[in-house]
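# A look at the structure
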Amino acid sequence: MVTVIARSVASIVAALGLLHFYWALGGRAGKSAAVPEANGQHAFVPSRVQTLAVAIALLFAATVIAVAGGLFGVGGFGVVFRILAFGLSATFVARAVGDFRLVGFFKRVRGTQFARLDTIAYSPLCLALGLTVFYIAYNDV
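Residues numbered from 1 in each chain as written. Predicted model: local features only at pLDDT ≥ 70, side-chain atom pairs only at ≥ 80, totals over all residues. Heavy atoms only, no water.

Further remarks concern the overall build of the protein. A tally of regular secondary structure across the protein gives 4 helices and 2 strands. Going residue by residue from the N terminus, the α and β elements of the protein occur as α-β-β-α-α-α. Computed over its C-alpha atoms, the radius of gyration of the protein comes to 16 Å, within 12% of the 14 Å expected for a compact globule of 141 residues. Dimensions of the protein, computed from C-alpha atoms along their principal axes, come out at roughly 50 × 30 × 20 Å. When each of the 141 residues of the protein is scored for burial, the buried share is 34%. Counting every atom, the protein has about 8000 Å² of accessible surface; 69% of that belongs to carbon and sulfur. (Helix = DSSP H or I, 4+ residues; strand = E, 2+ residues; numbered from the N terminus. Rg over C-alpha atoms; globule rule 2.2 N^0.38 Å. Buried < 20%, exposed > 50% of the residue type's maximum accessible area, 1.4 Å probe, protein only. Areas by Shrake-Rupley, 256 points an atom, 1.4 Å probe, with all protein chains shown as cover.)

Another point: the pattern of salt bridges. The final tally for this structure, using the stated rule, is 2 salt bridges. Close ionic contact of Asp118 with Arg95 constitutes a salt bridge, the shortest N to O distance being 2.6 Å. Placement of the pair is Asp118 in helix H4 (residues 113-138) and Arg95 in helix H3 (residues 78-97), with a sequence separation of 23 residues. Given the relative accessible area of 0%, Asp118 is considered buried. Note that Lys107 is salt-bridged to Asp118, the shortest N-O span being 3.0 Å. Here Asp118 lies in helix H4 and Lys107 lies in the loop between H3 and H4, a separation of 11 residues in the sequence. By the burial criterion, Lys107 is buried, and Asp118 matches it. (Salt bridge = Lys/Arg side-chain N within 4 Å of Asp/Glu carboxyl O.)

This part is about helix H1 (residues 2-24). The terminal C-alpha atoms of H1, which comprises 23 residues, lie 32 Å apart, in line with the 33 Å expected from a rise of 1.5 Å per residue. Those residues of H1 that are buried lie in contact with helix H2 (48-68), H3 and H4. Positive backbone phi, approximately 110 degrees, marks Gly26, located one or two places after H1. (Expected span 1.5 Å × (residues − 1). Contact = heavy atoms within 4.5 Å.)

This brings us to the packing of H1 against H4. Taken N-terminus to C-terminus, the directions of H1 and H4 make an angle of 140 degrees; their axes are 10 Å apart at the nearest point. Of the possible angle classes, the one that applies to H1 and H4 is oblique. Handedness of the H1/H4 crossing: left-handed. Across the interface between the two elements, Val2, Ile5, Ala6, Val9, Ile12, Val13 and Leu16 of H1 pack against Leu125, Leu129, Thr132, Val133, Tyr135 and Ile136 of H4. Class assignment of the residues belonging to the contact of H1 with H4 gives a composition of 12 nonpolar, 1 polar and no charged. (Axes fitted to C-alpha atoms, helices over the stretch in contact; angles between N-to-C directions. Parallel < 35°, antiparallel > 145°, perpendicular 65-115°, else oblique. Left-handed = near helix turned anticlockwise from the far one by under 90°. Nonpolar A, V, L, I, M, F, W, Y, C, P; charged D, E, K, R; others polar.)

By size, the foremost hydrophobic cluster in this structure holds 23 residues, and its most contacted members are Val9, Val13, Ile65, Leu88 and Ile136. For this core, the secondary structure elements donating two or more residues are H1, H2, H3 and H4. Per element, the largest residue contribution to this core is 8 residues, and it comes from H2. (Core = buried A, V, L, I, M, F, W, Y, C linked by side-chain atoms within 4.5 Å.)

This model, assessed by the stated rule, comprises 4 aromatic pairs. When the ring of Phe100 is compared with that of Phe106, the centres are 5.9 Å apart and the planes differ by 25 degrees; the resulting orientation is stacked. Judged by relative accessible area, Phe100 falls into the partly exposed class, the value being 46%. Judged by centre distance (5.9 Å) and plane angle (10 degrees), the ring pair of Phe134 and Tyr138 falls under stacked. Pair noted here: Phe134 and Tyr138 are both in helix H4, with a separation of 4 residues, about one helical turn. By way of ring pairs, the aromatic residues Phe86, Phe134 and Tyr138 are connected into one cluster. (Phe/Tyr/Trp six-rings, centres within 6.5 Å; stacked < 30°, edge-to-face > 60°.)

Below you can see the structure in the form of structure tokens.
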């Protein structure tokens, strides 16, 4: 069961990584709804390098999930990937909780396109990813 969940979660995180690669290479679809807004404008404008870094981090996260879930063997380093998966779980849950200003369940800025999508999609997805990655890391494969 853990491997089925790990395969699904790793695929979702990898897809998010590929979406960020698309944006880093100049793609525009959906990009404007992915950045928090404040006072009628984007709170920041991520550079291509920053977007590429997020893409690489998400693909690494997908790899961590896959290894922790037993999809790939890494010899004696399995425990390292389980520890990384616990950290990844905490990171996703922290993103869901948010910064109490622009992102997460407890954000103060509301009424923007990003805020609506964050409430109905981004934060719930991060919470679900955080909990499932914890499950994967906790259950020894």
